[in-house]
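# Geometric and topological summary
Below, each chain spelled out in residue letters.
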Amino acid sequence: MTTESGTAVYAERFRHPADRHNAIRNMDPIVVFVVLVALAVLPIAFPGFVVAAIVCLIYPLIAIVAGVAREFIPTYLKLFLGVGLVLFVLRALFIQGEDPFFRWGNIAPTMAGIQEGLRFSLLVMTICGAVTLFFAVVTVRYLMLALEQLGVTPRATYVVLASFQTITDLGANARTVLEAQQSRGIETQGSIITRARAFFPILAPVFLAALNQTEERAIALDARAFNAATKHSHLVTLRRTRPWEIVFAVLVVLGVVFAFIGTGLKWF
């Protein structure tokens, strides 16, 4: 392949919308957001914990279809163990009710407490699952691009995108400095005190590197005329929102609204 043909192929990539090779991941990020928010609030309309449990099971199925199961499912399981289980135990042990299984001071678990604990913990996990799945399916830069297309100012989207990128850069810089300390023979493993002694000295170089990166970003933005009062161009474009995506989002939202109305009128 000649240099000219290679350049033409490379340039051709930017003439087409971004393709993530999956129908769900290619959906409009705003549509994905609306659908997941609707799923997250749906269990509130129903008593008990069954609907919340069903929604929690729907999230992994969506992740499998979207091709992000490896990223989503382990994280979601950790949230269940680290957050959901703790919330369930606290609610189940301390909510007062009739006929406790046993009593030990203020701890008196009852069937009502267990049911309330399941409902509360699963409701929290539906929200956690929606947030985790959203960021597994939608990348932040595509979300910011979609918001720009809706009329959000580029300054606001850049601040959000830069904030997420800064968090990633800080983690990467911290690991780099820590590995450099290990290569110099500094002890970084062992007790909490030993790890603290190794951790605090890396804060200064990490934050200095973050400041340098901030200055570099400011220079890069100025070189690209970011503050020019003209419409910004983008190397990456998103697919236009397809009609079926809008119809699907509207149907999901209407279904949730119907569920709340039905619960209020005691249809369920």
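Presented here is a report on the structure given in the accompanying data block. (Residues numbered from 1 in each chain as written. Predicted model: local features only at pLDDT ≥ 70, side-chain atom pairs only at ≥ 80, totals over all residues. Heavy atoms only, no water.)

## Here we look at the pattern of salt bridges
Quick reminder of the rule: We count a salt bridge whenever a side-chain nitrogen from Lys or Arg sits within 4 Å of a carboxyl oxygen from Asp or Glu. Buried, partly exposed and exposed residues are distinguished by accessible area as a fraction of the type maximum, computed with a 1.4 Å probe on protein chains only: under 20%, between the cut-offs, and over 50%, respectively.
Tallied over the full model, the rule gives one salt bridge. Of the charged contacts in the structure, one is a salt bridge between E245 and R242, with a shortest N-O distance of 2.7 Å. Classification of E245 as buried rests on a relative accessible area of 0%.

## Some points on the packing of aromatic side chains
Note the cut-off: Two aromatic rings from Phe, Tyr or Trp, using only the six-membered ring of Trp, form a pair when their centres are within 6.5 Å; if the ring planes differ by under 30 degrees the pair is stacked, by over 60 it is edge-to-face, and anything between is tilted. Put simply, DSSP marks the helices as runs of H or I at least four residues long and the strands as runs of E at least two long, and each gets a number from the N terminus on.
In this structure the tally under the stated criterion is five aromatic pairs. Residues F33 and F134 carry aromatic rings whose centres are separated by 5.7 Å and whose planes lie at 75° to one another, so their mutual orientation is edge-to-face. Of this pair, F33 sits in helix α2 (residues 29-41) while F134 sits in helix α5 (residues 111-137); the two residues are 101 residues apart in sequence, bridging distant segments of the chain. Among the residues examined, F134 registers a relative accessible area of 6% and is labelled buried. Centroid distance Y76 to F80: 5.1 Å. Interplanar angle 70°. Geometry classified as edge-to-face. Note that Y76 and F80 are positioned in helix α4 (residues 69-94) at a spacing of four residues, about one turn of the helix. Site record: aromatic cluster; members linked through ring pairs are Y59, F72, Y76 and F80.

## Remarks on the side chain of T157
Note the cut-off: Polar contact is the term for a pair of N or O atoms within 3.5 Å; when the atoms are in protein, one must be able to donate a hydrogen and the other to accept it, and sequence-neighboring residues count only if both atoms are side-chain atoms. We call two residues in contact when some of their heavy atoms are within 4.5 Å.
Note that T157 resides in helix α7 (residues 154-183). The class of T157 is buried, set by a relative accessible area of 3%. Only 3.0 Å separates the side chain of T157 from the side chain of E148, close enough to count as a polar contact. Those residues in contact with T157 that lie beyond four places of it in its chain are M144, L147, E148 and V152.

## Brief notes about the nonpolar core
To be explicit about the condition: We call a set of buried residues a nonpolar core when its members are Ala, Val, Leu, Ile, Met, Phe, Trp, Tyr or Cys and they connect through side-chain atoms within 4.5 Å of each other.
One finds V32, L36, Y59, V68, F72, L133 and V137 to be the most contacted residues of the largest nonpolar core, which totals 37 residues. For this core, the secondary-structure elements that each account for two or more residues are α2, α3 (50-66), α4, α5, α6 (140-149) and α10 (243-264). Among the elements that take part in this core, α5 stands out by supplying eight residues, more than any other. The residues touching V32, leaving out its near neighbours within four places in the chain, are I24, M27, F134, V137 and V138. Listed in part, the five residues of the second largest apolar core include A18, Y142, L145 and A146.

## Focus on the packing of α2 against α5
Note the following rule: Only C-alpha atoms enter the line fits that serve as axes; for helices the fit covers just the stretch in contact. Angles between N-to-C directions range over 0 to 180 degrees. Any angle between 65 and 115 degrees counts as roughly perpendicular, while under 35 counts as roughly parallel, over 145 as roughly antiparallel, and the rest as oblique. Working rule for handedness: look at the near helix, and if it is turned counterclockwise from the far one by less than a right angle, call the crossing left-handed; if clockwise, right-handed. Three classes are used, and their members are as follows: Ala, Val, Leu, Ile, Met, Phe, Trp, Tyr, Cys and Pro are nonpolar, Asp, Glu, Lys and Arg are charged, and the others, Gly among them, are polar.
Relative orientation of the contacting elements α2 and α5 amounts to 165°, with a least axis distance of 9 Å. With respect to their mutual orientation, α2 and α5 come out roughly antiparallel. Helix-helix and strand crossings are classified by hand; for α2 and α5 the assignment is right-handed. For the pair α2 and α5, the contacting residues are P29, V32, F33, L36 and A40 in the first and T126, I127, A130, L133, F134 and V137 in the second. A class-by-class count of the residues in the contact of α2 with α5 yields ten nonpolar, one polar and no charged.

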